[in-house]
Amino acid sequence: MLGRSGRLLFSLAIIGIGVETLICSYVSSDSPGAHYKVVPVIPWLPAIPSLAYLVGAILILCGASLLFQRTLVVSSITLGFLMLLCGLVFDVPRRPNLMSAEWRTNVLEPIAIGSLAWLAPGLDGIPRWLYRMSRYLLAFALIVFGIAHFQVLTFIASLVPGWIPWPRFWTVFFGVAFISAGVSFATGCLQRWAALGVGLMFALWTVTIHVPPVLNFFRTPGAPQDPDKWSDVFIVAALWGGSWALARDLRDRKDLSLGADSNRA
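Each value, and the rule that gives it
- Residues numbered from 1 in each chain as written.
- Predicted model: local features only at pLDDT ≥ 70, side-chain atom pairs only at ≥ 80, totals over all residues.
- Heavy atoms only, no water.
- Helix = DSSP H or I, 4+ residues; strand = E, 2+ residues; numbered from the N terminus.
- Buried < 20%, exposed > 50% of the residue type's maximum accessible area, 1.4 Å probe, protein only.
- Contact = heavy atoms within 4.5 Å.
- Areas by Shrake-Rupley, 256 points an atom, 1.4 Å probe, with all protein chains shown as cover.
- pLDDT = per-residue confidence, 0-100.
- Core = buried A, V, L, I, M, F, W, Y, C linked by side-chain atoms within 4.5 Å.
- Expected span 1.5 Å × (residues − 1).
- Arc of directions from axis to C-beta.
- Patch = residues over 30% accessible without salt bridge, like charges linked within 9 Å, V, L, I, M, F, W, Y side chains within 5 Å.
- Salt bridge = Lys/Arg side-chain N within 4 Å of Asp/Glu carboxyl O.

Draft legend 1. The overall build of the protein, seen in detail. Helix and strand counts for the protein stand at 10 helices and zero strands. For the protein, the α and β elements follow one another from N to C terminus as α-α-α-α-α-α-α-α-α-α. The buried share of the protein, taken over its 265 residues, is 48%. Excluding contacts between residues fewer than 6 apart, the proportion of contacts in the protein whose partners are at least 24 apart in sequence is 70%. Total accessible area on the protein stands at roughly 12800 Å², and carbon and sulfur atoms take up 70% of it.

Okay, here's the thing in structure tokens:
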């Protein structure tokens, strides 16, 4: 159930990103005036209308295809390379600072989602070199996410809702958890528990941090419709669902240690 619900959530989140990309591209490109522009729903996508339409359509197709076993491998590989392309080609040249907030958001988030997409079919579904590379890319992203919690500790602590006590403690705790999970994926040790823990972290943030601002749009008349708030929900939900979908596969397999991978190569 956990793996199936994780894959479903991951698929729906990708579809959501694609749909919002198309909507924002259509509304922005058809609205006159200098204050209108194409808003890149995923922050790593350039504000180019034709490109936004294309990427949005691909995301919807990939997200829907992830729900079916027959198209799982093709859609996961396509989605993974699309996310890697968005992160590396569009944003690395513009943001060379590895530890900057823009680098983490614009480069590592799509790489993390792409890695989870590649890992979705399991060890037998994709080439072993791609499976290993996905694990290492995911590990790298998680470790950098964790380090960021210490770099901008005060800012991240300020995002914790006021009704939750000890915000700085939780910021440090989740930073350590991120780094530990990254080391787990890199070494092949306790990977299933790492995937479960990472999924739980993103689930908690989805419910406590990212969903309330979106729901506020429906409660407050005239509240600004900021697409970034919606994309935050979809991105975090994708990381949540993808991690739990991965946990199911890691539970079923005993050959995912670093040594086993090396022996199979």
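Next comes the rest of the description.
Draft legend 2. Region of interest: the confidence of the model for the protein. When the pLDDT values of the protein are averaged, the result is 79; 74% of them are 70 or greater. Mean pLDDT in the protein bottoms out at helix α10 (residues 258–264), which sits at 42, and peaks at helix α7 (residues 167–187), which reaches 92. Counting contacts from residues 30–41, a segment whose pLDDT is below 50, to residues more than four positions away or on other chains yields 20 contacts. Between residues 254–265, whose pLDDT stays under 50, and residues either more than four places distant or in other chains, the model counts 22 contacts.

Draft legend 3. Fine view of the nonpolar core. Phe10 and Leu79 are the most contacted members of the largest nonpolar core, which has 56 residues in total. Secondary-structure elements contributing two or more residues to this core are α1 (2–29), α2 (49–65), α3 (72–91), α4 (101–119), α5 (128–151), α7, α8 (191–219) and α9 (227–252). Ranked by residues supplied to this core, first place goes to α9 with 10 residues. If near-sequence neighbours (up to four positions away) are discounted, Phe10 is found in contact with Leu66, Leu79, Ile113, Leu116, Ala117, Ala238, Gly241 and Gly242.

Draft legend 4. Summary view of α2. With 17 residues, α2 extends 24 Å between its outermost C-alpha atoms, agreeing within 8% with the 24 Å of an ideal straight helix rising 1.5 Å per residue. Of all the residues in α2, the buried ones are Leu51, Ala52, Val55, Gly56, Leu59, Cys62 and Gly63. Viewed end-on, α2 has its buried residues packed into an arc of 135 degrees, placing them on one side of the element. When the buried face of α2 is taken as reference, the exposed residues oriented beyond 90 degrees from it are Ser50 and Leu61.

Draft legend 5. How the structure looks around a nonpolar patch on the surface. A cluster of nonpolar residues, Leu8, Leu12, Leu67 and Phe68, forms a patch on the protein surface that exposes about 380 Å² of accessible area. Secondary-structure assignment places Phe68 in the loop between α2 and α3.

Draft legend 6. View of unusual backbone geometry. The phi torsion at Trp166 lies on the positive side, around 55 degrees, for a residue other than glycine. Checked against the element boundaries, Trp166 lands in the loop between α6 (153–159) and α7. Note on Trp166: relative accessible area 60%, which makes it exposed. Backbone geometry places Leu190, a non-glycine residue, at a positive phi of 55 degrees. With respect to the helices and strands, the residue Leu190 is situated in the loop between α7 and α8.

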